[in-house]
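Results of the structural survey
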Amino acid sequence: MTLRELKIGESAVVKAVGGEGALRQHFLDMGLLPGVEVKLLKFAPMGDPMELLVRGYTLSLRLEEAAKIEMIPMGSSKMIPMGPDPNGTDFGYNLTLHEHNSHPGLGEAGKYHDPTHENALPKGTTLRFALAGQQNCGKTTLFNQLTGSNQHVGNFPGVTVDRKDGQIKGYPNTLVTDLPGIYSLSPYTQEETVSRQFIIEQKPNCIINIVDATNIERNLYLTVQLMELGVPMVLALNMMDELTGNGGSVRVNEMERILGIPVVPISAAKGEGIKELVEHAIHVAEYQEVPARTDFCTKDDHGGAVHRCLHSIMHLVEDHTERAGIPARFAAGKLAEGDAQVLEALQLTQNEKETMEHIILQMEEERGMDRAAAIADMRFSFIERLCSQTVVKPQKSREYVRSRRIDRVLTGRWTAIPIFLVVMCLVIWLSIDVLGAPLQDWLDKGIQWLAGICVAGLERADVSPAIVSLVEDGIFGGVGSVLSFVPIIIILFFFLSLIEDSGYMARIAFVTDKLLRKLGLSGRSIVPLLIGFGCSVPAVMATRTLPSARDRKLTILLTPFMSCSAKIPIYGFFTNAFFPGKGGLILDQTPPVATWEMHPNNR
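Residues numbered from 1 in each chain as written. Predicted model: local features only at pLDDT ≥ 70, side-chain atom pairs only at ≥ 80, totals over all residues. Heavy atoms only, no water.

What follows concerns the overall build of the protein. When helices and strands are tallied, the protein shows 25 helices and 14 strands. Counting across all 603 residues of the protein, residues that qualify as buried make up 48%. Accessible surface for the protein amounts to roughly 28900 Å². Of this, 57% is attributable to carbon and sulfur atoms. (Helix = DSSP H or I, 4+ residues; strand = E, 2+ residues; numbered from the N terminus. Buried < 20%, exposed > 50% of the residue type's maximum accessible area, 1.4 Å probe, protein only. Areas by Shrake-Rupley, 256 points an atom, 1.4 Å probe, with all protein chains shown as cover.)

Structure follows, in structure tokens:
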């Protein structure tokens, strides 16, 4: 059977992951590996996509994607063993579980790798930090806590992906770059490619990796990939207050010792732990304390096939990685996965490529998995062992129970679409008619009052009529009419931020994905398109909330085709030209020419 054939409430075990290229790699990075148990929670109201429970978190997959994943029903005698090695693989440390002690002092993580600080940066060097994390882990909140108002927004060179830079409050010689929210360093999206290139090519002095402590196993997958880069790094466990409030905890000392990097529990929303995080990040960056561990495979893991493969590749391409400036351990993992970008950057000879292929084929034969699945399984196996010894999982939280109850209404089969339409109509009505229109009128009157004063002053000064016309009609008449939309845009973005922060945006995407996929878009594009019925300007600006650059561009191109009030005069013009005397029938309103003539801004 395939994952698509699963019934609601049923569980099954992944047998094989199909697909090809970046899509298949994305499946693996999301934790869909052979031997992993998957439970179907529900379908979207339109029947597609489906919501799954995988490794303790919920994942939405489209049916056409789910059809590529082969499953084995629970209870089958052919079930694939999963989890840690039954022989009990160790981490290389003598670990014993104990109660949580106070967090290690500043610089203690350094004793595992460079106690002499021979690589310390010169005093006065501007310390550059990269803030990396998965989506919805609180990264933006932490960035705002770190920088306050000392930030500016632009784009990464050559792409339309947002780039936010800022200075840490109280530390003038620092620069933090907020990288796009990503799930892994595999080049599945433009955002993931940008983040990887920034870390490898720009070489920040330190990576601040923020992790959602309430979903730690899923988030640590990005962490281990970042550690493979060998860049100084600090791990920030965000939302610790939620984890501990529901009976969970993290043995920070154990996790820090296993990983060999500073681990700091924080709550970005409440501002807790931020000072300690900054102190550790500054210390690690100044003294260039690289992670003590960049290798997550062991000789005991399933016969050590992956371990031998990766270390053989590292020796084979060591000279090429030095020339390309790519960390050897990171390059070996990506080459084993089949990453074309890393392969091209290293410029291997044909003989080296063939030798590497033989090494990988031998690993696949011994491991019983294809190359990409074996590498992903190696990382997740390490994370499972790490979490089993350092994380006390919380009870089912009140917030989770409440969220599931809300979901039954907001994403229910019969209630989802009506509630969505009511919410969006309410947002547009409040933004444009109730709140926006009065503010727009006040601003328009203020602009006209200021225009009258300026024009009168220019006329008294005998300024050229052409200049007066430019000021009156061009600046105040043209630019002023555009400025009158600012109140509407501000109010609309306020409501959009509420929709985004409350989690309703993700539910909207889940509900409407099937409909918009016919246009080549994802469900998240529905909000900008519906706002286009009110005004195209804020609709285009609303596309900045879309995670994909491709979706942003396509949605912007489609937005002008949504009928907003500013297009009525144009409709009236063409109706009067091609259907004279039939305007009321075509537009279902009075002849629109009068509307065009009476509007004060339509000169």
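Of all 5 residues that make up strand E9 (residues 174–178), 4 are buried, and the element is covered over most of its length. The sheet contact formed by strand E6 (residues 127–133) and E9 spans 5 bridges and is parallel. Pairing of Phe129 across the sheet is with Val176, part of E9. (Pairing = 2+ DSSP bridges.)

Right, let's get into the pattern of salt bridges. Scanning all chains against the criterion turns up 22 salt bridges. When the shortest N-O distance is used, the salt bridge between Arg257 and Glu254 registers 3.4 Å. Remark: Glu254 and Arg257 occur in helix H7 (residues 252–259); sequence separation between them is 3 residues, near one turn of the helix. Salt-bridge contacts for Asp295 lead to Arg329; the nearest nitrogen and oxygen are separated by 3.2 Å. Residue Asp295 is found in the loop between helix H8 (274–287) and helix H9 (305–324), and its partner Arg329 is found in helix H10 (residues 328–337); the two are separated by 34 residues along the sequence. Note on Asp295: relative accessible area 18%, which makes it buried. One salt-bridge network, in which partners are shared between bridges, spans Glu228, Asp295, Arg329, Lys334, Glu337 and Arg379. (Salt bridge = Lys/Arg side-chain N within 4 Å of Asp/Glu carboxyl O.)

Now for the packing of helix H5 (residues 216–228) against helix H13 (residues 371–390). Their axes nearest at 9 Å, the elements H5 and H13 cross at an angle of 120°. Relative to H13, the element H5 lies oblique. As for the relative orientation of H5 and H13, their crossing is right-handed in sense. Residue-level inspection shows Ile216, Glu217, Leu220, Tyr221, Val224, Gln225 and Glu228 of H5 in contact with H13, the latter providing Ala376, Arg379, Phe380, Phe382, Ile383, Glu384, Leu386 and Cys387. (Axes fitted to C-alpha atoms, helices over the stretch in contact; angles between N-to-C directions. Parallel < 35°, antiparallel > 145°, perpendicular 65-115°, else oblique. Left-handed = near helix turned anticlockwise from the far one by under 90°. Contact = heavy atoms within 4.5 Å.)

Right, let's get into the side chain of Asp407. Tracing the backbone shows Asp407 in helix H14 (residues 398–410). Asp407 sits in the buried class, given a relative accessible area of 9%.

Attention now goes to the sheet that holds strand E5 (residues 69–73). The strand order across the open sheet formed by 5 strands is E4-E3-E2-E1-E5, and the pairing between neighbours is antiparallel. Each edge of the open sheet carries a strand with a single partner, namely strand E4 (57–61) and E5. Averaged over all pairs of adjacent strands, the angle between their axes in this sheet comes to 45°, without regard to strand direction. Inspection of the sheet shows strand E1 (residues 11–17) paired to E5 by 5 bridges, in the antiparallel sense. Across the sheet, the residue bridging to Val17 is Ile69, located in E5.

Within this structure, the stated rule accounts for 0 disulfides. Of the cysteine sulfurs around Cys297, a residue in no disulfide, the closest is that of Cys309, at 9.1 Å. Residue Cys297 is classed as buried on the basis of its relative accessible area of 6%. (Disulfide = S-S within 2.5 Å.)

This brings us to unusual backbone geometry. Backbone phi values are negative for most residues with the exception of glycine, while trans is the configuration of most peptide bonds. Residue Pro49 is reached from Asp48 by a cis peptide bond, and omega for that bond is 10°. Considering the arrangement of structural elements, one finds Pro49 in the loop between strand E2 (37–43) and strand E3 (50–54). Even without being a glycine, Lys203 presents a positive backbone phi close to 50°. Checked against the element boundaries, Lys203 lands in the loop between helix H4 (190–202) and strand E10 (206–212). Positioned with a positive phi, Gln288 is a non-glycine residue whose angle comes to about 50°. Within the fold, Gln288 resides in the loop between H8 and H9.

Looking now at the confidence of the model for the protein. Of the residues in the protein, 84% have a pLDDT of 70 or more, and the chain-wide mean is 80. Confidence, read as mean pLDDT per element, is least for helix H25 (residues 593–598) in the protein (38) and greatest for strand E11 (residues 233–238) (94). Within the model, pLDDT remains below 50 along residues 77–103, and this stretch shows 58 contacts once partners closer than five positions in the same chain are excluded. (pLDDT = per-residue confidence, 0-100.)

This brings us to the packing of aromatic side chains. Scanning the model with the defined rule gives 4 aromatic pairs in all. Relative to Phe380, the ring of Tyr221 has its centre 4.5 Å away and its plane inclined at 20°; by these criteria the two rings are stacked. Note that Tyr221 is positioned in helix H5 and Phe380 in helix H13, a separation of 159 residues in sequence. With respect to burial, Tyr221 and Phe380 carry one shared label: buried. With a centroid separation of 5.6 Å and 65° between ring planes, the pair formed by Phe494 and Phe495 is classed as edge-to-face. (Phe/Tyr/Trp six-rings, centres within 6.5 Å; stacked < 30°, edge-to-face > 60°.)

As a further point, take H7. Within H7, 7 of the 8 residues are buried, which leaves the element mostly enclosed by the surrounding structure. Residues of H7 that are buried include every one of Val252, Asn253, Glu254, Met255, Glu256, Ile258 and Leu259, and no others. Count one or two residues on from H7 and you reach Gly260, which has phi positive near 75°.

Quick look at helix H15 (residues 416–434) now. Helix length check: H15 (19 residues) gives 25 Å between terminal C-alpha atoms against 27 Å at 1.5 Å per residue, within 8%. Of the residues making up H15, those classed as buried are Ala416, Phe420, Met424, Val427, Ile428 and Ser431. Axial view of H15: buried residues confined to an arc of 90°, hence all on one face. Facing away from the buried side of H15 by more than 90 degrees, the exposed set consists of Val422 and Cys425. (Expected span 1.5 Å × (residues − 1). Arc of directions from axis to C-beta.)

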